[in-house]
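Residue-level structural notes
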Amino acid sequence: MFRALYINKFYITLTVLIILSTAAHGVESTTEEQIYAQAIADAQRDAQLAVNQLTWQLTGCVGNVVGMAVAFVHEPPLPAKRLLGKSPEYIEYYTNEFRRETQGLQIYHAATGFAMFVMGAFLWWFL
C-alpha cells in the first residue's frame with residue numbers, strides 16, 4: 001500500500017514539474033518588433049482621436065493657404081497618460097508616429113476644407 005502511494009506521488013510530482021516547465025518555456029519576452037507594432041497601433045488610434053476633423057476643415061476653408069500652413073506647423077500635445085510606465089523604445093516609436101499621423105490628418109482635413117472653399121468660389125464666380 002505504501003509503495004502504491006509512493007508511485008502516485010512520484011507521477012503527480014512528475015506531472016506538475018512537466019506542466020510548470022512547459023508553461024515557463026512558453027513565456028516569451030517582448031521583442032522590439034512587438035513593441036514597435038504596439039506603439040504604432042496605439043499612436044495611430046490616439047491620433048485619430050486627437051485631431052478634430054471639422055476644426056481643420058474650417059481652418060482650411062476660412063484660412064485658405066494660411067490655414068494649410070497652420071496645419072503643417074501645429075503639433076497637438078501628446079497624451080501623457082498613454083506613456084506612463086512604458087519603455088523608452090515604446091515612447092520613442094509612439095511619439096514619432098503620433099506626430100507624423102496627427103500632422104498628416106491635419107493637413108488632409110485642412111486641404112479638404114481648402115478644396116471646398118475653391119469649389120465654392122468657383123461656383124460663385126460662374127453662377
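Located above this text is the structure these notes cover.
To start, this report covers the structure provided alongside it. Since the model is a prediction, treat every value here as computed from it, not as a measurement.

About the cut-offs
- Residues numbered from 1 in each chain as written.
- Predicted model: local features only at pLDDT ≥ 70, side-chain atom pairs only at ≥ 80, totals over all residues.
- Heavy atoms only, no water.
- Helix = DSSP H or I, 4+ residues; strand = E, 2+ residues; numbered from the N terminus.
- Buried < 20%, exposed > 50% of the residue type's maximum accessible area, 1.4 Å probe, protein only.
- Contact = heavy atoms within 4.5 Å.
- Areas by Shrake-Rupley, 256 points an atom, 1.4 Å probe, with all protein chains shown as cover.
- Phe/Tyr/Trp six-rings, centres within 6.5 Å; stacked < 30°, edge-to-face > 60°.
- Lys NZ or Arg CZ within 6 Å of the ring centre and 35° of its normal.
- Salt bridge = Lys/Arg side-chain N within 4 Å of Asp/Glu carboxyl O.
- Patch = residues over 30% accessible without salt bridge, like charges linked within 9 Å, V, L, I, M, F, W, Y side chains within 5 Å.
- Lys, Arg positive; Asp, Glu negative; His and termini not counted.
- Charge placed at Lys NZ, Arg CZ, Asp CG, Glu CD.

**Section: the overall build of the protein**
Looking only at helices and strands, the protein has four helices and zero strands in total. Along its sequence from the N terminus, the protein presents helices and strands in the succession α-α-α-α. Across the 127 residues of the protein, 24% fall into the buried class. Within the protein, contacts between residues separated by at least 24 positions form 80% of all contacts whose residues are at least 6 apart in sequence. Accessible surface, the protein: about 9700 Å² in total, of which carbon and sulfur atoms supply 68%.

**Looking at the packing of aromatic side chains**
Applying the stated criterion across every chain yields a total of four aromatic pairs. Relative to Phe98, the ring of Tyr94 lies with its centre 5.9 Å away and its plane at 10°, an arrangement referred to as stacked. Here the residue Tyr94 and the residue Phe98 both occupy positions in helix H4 (residues 88-126), the gap between them amounting to four residues, near one helical turn. Each member of the pair, Tyr94 as well as Phe98, is classed as buried. Linked through ring pairs, Tyr90, Tyr94 and Phe98 together constitute an aromatic cluster. One residue, Lys86, lies across the ring of Tyr90, its end atom 4.9 Å from the ring centre.

**Describing the pattern of salt bridges**
Summed over all chains, the structure comprises seven salt bridges. Arg45 serves as the salt-bridge partner of Asp42, at 3.3 Å between the closest nitrogen and oxygen. Of this pair, Asp42 and Arg45 both sit in helix H2 (residues 32-50), separated by three residues, roughly a single helical turn. Under the relative-accessibility criterion, Arg45 is labelled partly exposed at 41%. Across the pair Asp46 and Arg45 runs a salt bridge whose closest N-O atoms are separated by 3.9 Å. Salt bridges sharing common partners tie together Asp42, Arg45, Asp46 and Arg82.

**Digging into a negative patch on the surface**
Taken together, the side chains of Glu32, Glu33, Glu89 and Glu92 make up a negatively charged region of the molecular surface. Those elements giving two or more residues to the negative patch turn out to be H2 and H4. Checked against the element boundaries, Glu89 lands in helix H4. You can call Glu89 partly exposed: its relative accessible area is 38%.

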